[in-house]
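Working through the structure, step by step
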Amino acid sequence: QSDINAIFYQKKDDVVTPKKHILQVSTYQMCILMLFNRQAIYTYKDIQTESNIPEKELKRALLSLAVGRMQQRVLQKTPKTKDISLTDEFSVNDQFTSKLIRVKIQNGDIQQIGDGPGATGNEAEGRRRPENTRSRRPSCG
């Protein structure tokens, strides 16, 4: 888990109000969010290239940031579907609000990224084991 300071600039009646939050995120989620300090919009392919995060983990992290619980959607995804394709675009959700200053962003459910709802216990157990990613660490820019 990592803490990242985030400011969301909410616009209401032509008045921009900065809202500060501390987001508790995974390392992969942090790497993704840090990219948005450089530019406003990224495609999935751009994020994949810039971050060097393994595909399965990247989709999991993006789903939790953009498609997860309403209270945790710090990114916006276009088009607004639960599937992720190479040309999907992501941007910061400046309308993100929370009553809490410190917001924990849960990691996405592996079931959401296409492993199928009919998995057996052994298959599910295999997915729970972390991948060996020693040689594939994210570059974080």
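Predicted, not measured: the structure shown is a model, and the values here were computed from it. (Residues numbered from 1 in each chain as written. Predicted model: local features only at pLDDT ≥ 70, side-chain atom pairs only at ≥ 80, totals over all residues. Heavy atoms only, no water.)

Quick look at the confidence of the model for the protein chain
When the pLDDT values of the protein chain are averaged, the result is 81; 76% of them are 70 or greater. In the predicted structure, residues 112-129 sits below a pLDDT of 50 and forms 14 contacts with residues beyond four places in sequence or in another chain. (pLDDT = per-residue confidence, 0-100. Contact = heavy atoms within 4.5 Å.)

A look at a nonpolar patch on the surface
The grouping of Ile7, Tyr9 and Val16 at the surface amounts to a nonpolar patch, some 280 Å² of accessible area in total. For Tyr9, the location among the structural elements is in strand β1 (residues 2-12). (Patch = residues over 30% accessible without salt bridge, like charges linked within 9 Å, V, L, I, M, F, W, Y side chains within 5 Å. Areas by Shrake-Rupley, 256 points an atom, 1.4 Å probe, with all protein chains shown as cover. Salt bridge = Lys/Arg side-chain N within 4 Å of Asp/Glu carboxyl O. Helix = DSSP H or I, 4+ residues; strand = E, 2+ residues; numbered from the N terminus.)

Description of the packing of aromatic side chains
Under the defined criterion, the tally for this structure stands at 2 aromatic pairs. With 5.2 Å between their ring centres and 85 degrees between their planes, Phe36 and Tyr42 make a pair best called edge-to-face. The exposure class assigned to Phe36 is buried, which follows from its relative accessible area of 11%. (Phe/Tyr/Trp six-rings, centres within 6.5 Å; stacked < 30°, edge-to-face > 60°. Buried < 20%, exposed > 50% of the residue type's maximum accessible area, 1.4 Å probe, protein only.)

Examining the sheet that holds strand β6 (residues 102-104)
The strand order across the open sheet built from 3 strands is β1-β2-β6, with neighbouring strands paired in mixed fashion. Here the strands that pair on one side only, and so sit at the sheet edges, are β1 and β6. Strand after strand, the sheet turns through a mean of 40 degrees between neighbouring axes, direction not considered. Bridge analysis of β1 against strand β2 (residues 15-25) gives 11 bridges, and the strand direction is antiparallel. Bridging from a neighbouring strand, Phe8 pairs with Lys19 of β2. (Pairing = 2+ DSSP bridges. Axes fitted to C-alpha atoms, helices over the stretch in contact; angles between N-to-C directions.)

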